[in-house]
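# Residue-level structure breakdown
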Amino acid sequence: MTEPSPRPAASGGRTQPEEADRLRDMLRSPGYQKALVFCALIGVPVSLLAFWFLVVLHQLEHLMWADLPKGLGWDTPPWWWPLPLLLVSGILVGLVVTHMRGAGGHVPAAGLNPSSPGAAALPGVILAALFSLPLGAVLGPEAPLIALGGGLALLFRNLTRAPATPQSTALLGAAGAAAAISAIFGNPLIAAVMLMEVAGVGGTQLFAVMLPALLSSGVGSLVFTGFGRWTGLETAGLSLKIGLPSPRLDAGDVLWGVLMAVLIGAAVHLVLVGGRMTARFVAGRPVVHTAVCGLAAGVCAAVYALVTDRTPVDVASSGEATLSQMAADPHAWGVGALVAVLLFKGAGYAICLGSLRGGPIFPSLFLGGAAGVLLAPLPGLGVVPGMAAGMAAASASALRLPVSSVVLVVLLLGSAAMIPVVILAAVVAFVTVELLPSGPAVPPLGEPDRAAAAAKAPS
């Protein structure tokens, strides 16, 4: 009798036993074991520093948008309040980009970047975030946190004089970034999944396998849910009873969720293209043009406040707190206010993506949630499914990370009942955006747009 030939692996031409042996050898390697221990150790100081960084951001934001207006006699910031704050933000960020190493971190319009800017660039990254986020930039703190965590991990490696190799640099940078951003999401699972997806482990082949599997899992969940409801029968499965009431999905939720995903994907793509165009505009003259963009973002918030008679904080912020308020009381928002916040916050988001420093996650979640509340009155669509589909579609479109978007939205909602519509919306929006033209590229950090410079040069 002959031994059965080993089954081929999914890719790469290696057999499954060979892959298992390689994994076992790697785990037994003293170098890899030391790297695991070092990553665990640096997670402690990185997490603590990331926590205090977020505390400082929060306290400064509260000072600028709550304490100062109240100290001057206003219960809420007046309509013109964002104008001077964001103008100052643009000037200061432009100076950081021009005069400090690392240009204040990567441009948000380019998406999340897992690579560390290095320890020498950390002062510029921290200052640019402090000059952007508390002063009203329509961005979140996740991109500075990724840069902060990765840079701190490499700094600790240098202090301990550990050997520096390309592999160790990538490993420690990813570990430090994951430790840092777990502080903002409050869940280590989101941080781990996001860093793996941002790093592009597996490349295009991963997406080629992942998207069909993710899509079919969502469809399969819908079929099982519907079939079980129709027959009254149950199958054994792993589930947790959280004890919170969850709405049931129906055909209207699924249909509208898919259509919403296409529209939101196209809309967010236009915002991202606007962000890249803004980045090219800023690259020519960073200080002056960043100041102009900061003032323009302030105008968006000010005009919104004048039109709706609501607080400009709805537009001039990451949207994290406002999204929580909207989820708690969606009926407090009229149709006019929802349309206005989508238009003005979307415009401010595009401007800040290409000029100031921060991350793209929280504003995209807010825009998707607001779109879901706006479209919730459609026949057969509920508020919770609408917000779930909207947030999943917007975050997947902005981040180009469908799996991370699904995990993030599901954990934010705290409802397993919404998982199928979240998966479908994320996949459909991701595919929609990938099929659209990508638009202009973001210029490299600290380098002016050569095309713009050539256009201004005398003939």
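Please read all numbers here as calculations on a predicted model, not as lab measurements.

### Some details on the pattern of salt bridges
Under the defined criterion, the tally for this structure stands at two salt bridges. Across the pair Asp314 and Arg310 runs a salt bridge whose closest N-O atoms are separated by 3.0 Å. Of the residues examined, Arg310 reaches a relative accessible area of 28% and is grouped as partly exposed.

### Description of helix H16 (residues 419-435)
Given a rise of 1.5 Å per residue, 17 residues ought to cover 24 Å, and the 24 Å separating the end C-alpha atoms of H16 matches this to within 8%. Within H16, 13 of the 17 residues are buried, which leaves it mostly tucked inside the rest of the structure.

### A few points about the state of the cysteines
For the structure on display, the rule yields zero disulfides. Cys293 carries a free sulfur, and the closest cysteine sulfur to it, the one in Cys352, is 8.5 Å from it.

### Let's talk about the packing of aromatic side chains
For the structure on display, the rule yields six aromatic pairs. Ring geometry for Trp74 against Trp80: centres 5.6 Å apart, planes inclined by 80°, an arrangement best described as edge-to-face. Its relative accessible area of 31% is what places Trp74 among the partly exposed residues. The partly exposed category is assigned to Trp80, whose relative accessible area is 32%. Taking 5.7 Å as the distance between ring centres and 45° as the angle between the ring planes, the aromatic pair formed by Trp80 and Trp81 counts as tilted. Through pairs of rings, three or more aromatic residues link up here, namely Trp74, Trp80 and Trp81. The ring centre of Trp333 lies 3.8 Å from the NZ or CZ of Arg310, which sits over that ring. Taking the ring centre of Phe366 as reference, the NZ or CZ of Lys345 above it sits at 5.1 Å.

### Examining the packing of helix H14 (residues 383-399) against helix H15 (residues 402-413)
Two quantities define a packed helix pair, namely the angle between the helix axes and the distance between the axes. Put simply, H14 and H15 touch, their axes get as near as 9 Å, and they point 145° apart. Crossing geometry of H14 relative to H15 is assigned as right-handed. Contacts between H14 and H15 pair Ala388, Met391, Ala392, Ser395, Ala396 and Leu399 from the former with Pro402, Ser405, Val409 and Leu413 from the latter. Across the contact of H14 with H15, the residue classes break down as eight nonpolar, two polar and no charged.

### Describing the side chain of His269
Relative to the elements of secondary structure, His269 occurs in helix H9 (residues 251-284). His269 has contacts with Arg400, Val433, Leu436, Pro437 and Ser438, leaving out every residue within four places of it along the chain.

### Let's talk about the layout of surface pockets
Volume-wise, the second largest pocket comes out at about 710 Å³. Where the lining of the second largest pocket is concerned, the elements lending two or more residues are helix H2 (30-71) and helix H11 (320-328). Per element, the largest residue contribution to the lining of the second largest pocket is eight residues, and it comes from H2. The residue makeup of the lining of the second largest pocket, split by class, is twelve nonpolar, ten polar and five charged.

### Section: the nonpolar core
Formed by 110 residues in total, the largest nonpolar core has its most connected members in Leu112, Leu145, Ile181, Phe185, Met194, Ile361 and Val422. Sort the elements by how many residues they give to this core and H14 lands first, with ten residues. Look past the residues within four positions of Leu145 in its chain and what remains in contact with it is Ala50, Phe53, Leu54, Ala180, Ile181 and Ile184.

### A look at the confidence of the model for the chain
Averaged over every residue, the pLDDT of the chain is 80; residues scoring 70 or more account for 77%. Low pLDDT, under 50, characterises residues 1-13; the stretch is placed with twelve contacts to residues that sit more than four places away or in other chains. The low-confidence segment residues 224-245, where pLDDT is below 50, has five contacts with residues more than four positions distant or belonging to other chains.

### A word on a nonpolar patch on the surface
On the surface, a nonpolar cluster with roughly 1,000 Å² of combined accessible area is contributed by Leu72, Trp74, Trp79, Trp80, Leu87, Ile91, Leu95, Leu295, Val299, Val303, Leu306 and Val307. For the nonpolar patch, the leading source of residues is helix H10 (residues 286-308), giving five residues. Looking at the secondary structure, you find Val303 in helix H10.

### Some words on unusual backbone geometry
Of note, the phi angle at Ala103 is positive, near 55°, even though the residue is not glycine. Within the element layout of this structure, Ala103 appears in the loop between helix H3 (82-99) and helix H4 (122-132). Overall, Ala103 belongs to the buried group, its relative accessible area being 5%. A positive phi angle, close to 60°, is found at Asp309, a residue other than glycine. If you trace the backbone, Asp309 turns up in the loop between H10 and H11. For Asp309, a relative accessible area of 73% gives the class exposed.

### Quick notes on the side chain of Asp314
Looking at the element boundaries, Asp314 is found in the loop between H10 and H11. At 2.8 Å, the side chain of Asp314 and the side chain of Tyr304 are in polar contact. In contact with Asp314, other than residues within four places in its own chain, are Tyr304, Thr322, Trp333, Val341, Lys345 and Phe366.

Definitions and cut-offs
- Residues numbered from 1 in each chain as written.
- Predicted model: local features only at pLDDT ≥ 70, side-chain atom pairs only at ≥ 80, totals over all residues.
- Heavy atoms only, no water.
- Salt bridge = Lys/Arg side-chain N within 4 Å of Asp/Glu carboxyl O.
- Buried < 20%, exposed > 50% of the residue type's maximum accessible area, 1.4 Å probe, protein only.
- Helix = DSSP H or I, 4+ residues; strand = E, 2+ residues; numbered from the N terminus.
- Expected span 1.5 Å × (residues − 1).
- Disulfide = S-S within 2.5 Å.
- Phe/Tyr/Trp six-rings, centres within 6.5 Å; stacked < 30°, edge-to-face > 60°.
- Lys NZ or Arg CZ within 6 Å of the ring centre and 35° of its normal.
- Axes fitted to C-alpha atoms, helices over the stretch in contact; angles between N-to-C directions.
- Left-handed = near helix turned anticlockwise from the far one by under 90°.
- Contact = heavy atoms within 4.5 Å.
- Nonpolar A, V, L, I, M, F, W, Y, C, P; charged D, E, K, R; others polar.
- 1 Å grid on protein atoms, 1.4 Å probe; cavity = no way out; pocket = protein on both sides within 12 Å on 5 of 7 lines; lining within 4 Å.
- Points joined across faces, edges and corners; volume = space filled by probe spheres on them.
- Core = buried A, V, L, I, M, F, W, Y, C linked by side-chain atoms within 4.5 Å.
- pLDDT = per-residue confidence, 0-100.
- Patch = residues over 30% accessible without salt bridge, like charges linked within 9 Å, V, L, I, M, F, W, Y side chains within 5 Å.
- Areas by Shrake-Rupley, 256 points an atom, 1.4 Å probe, with all protein chains shown as cover.
- Polar contact = N/O pair within 3.5 Å; in protein donor to acceptor, adjacent residues only side chain to side chain.

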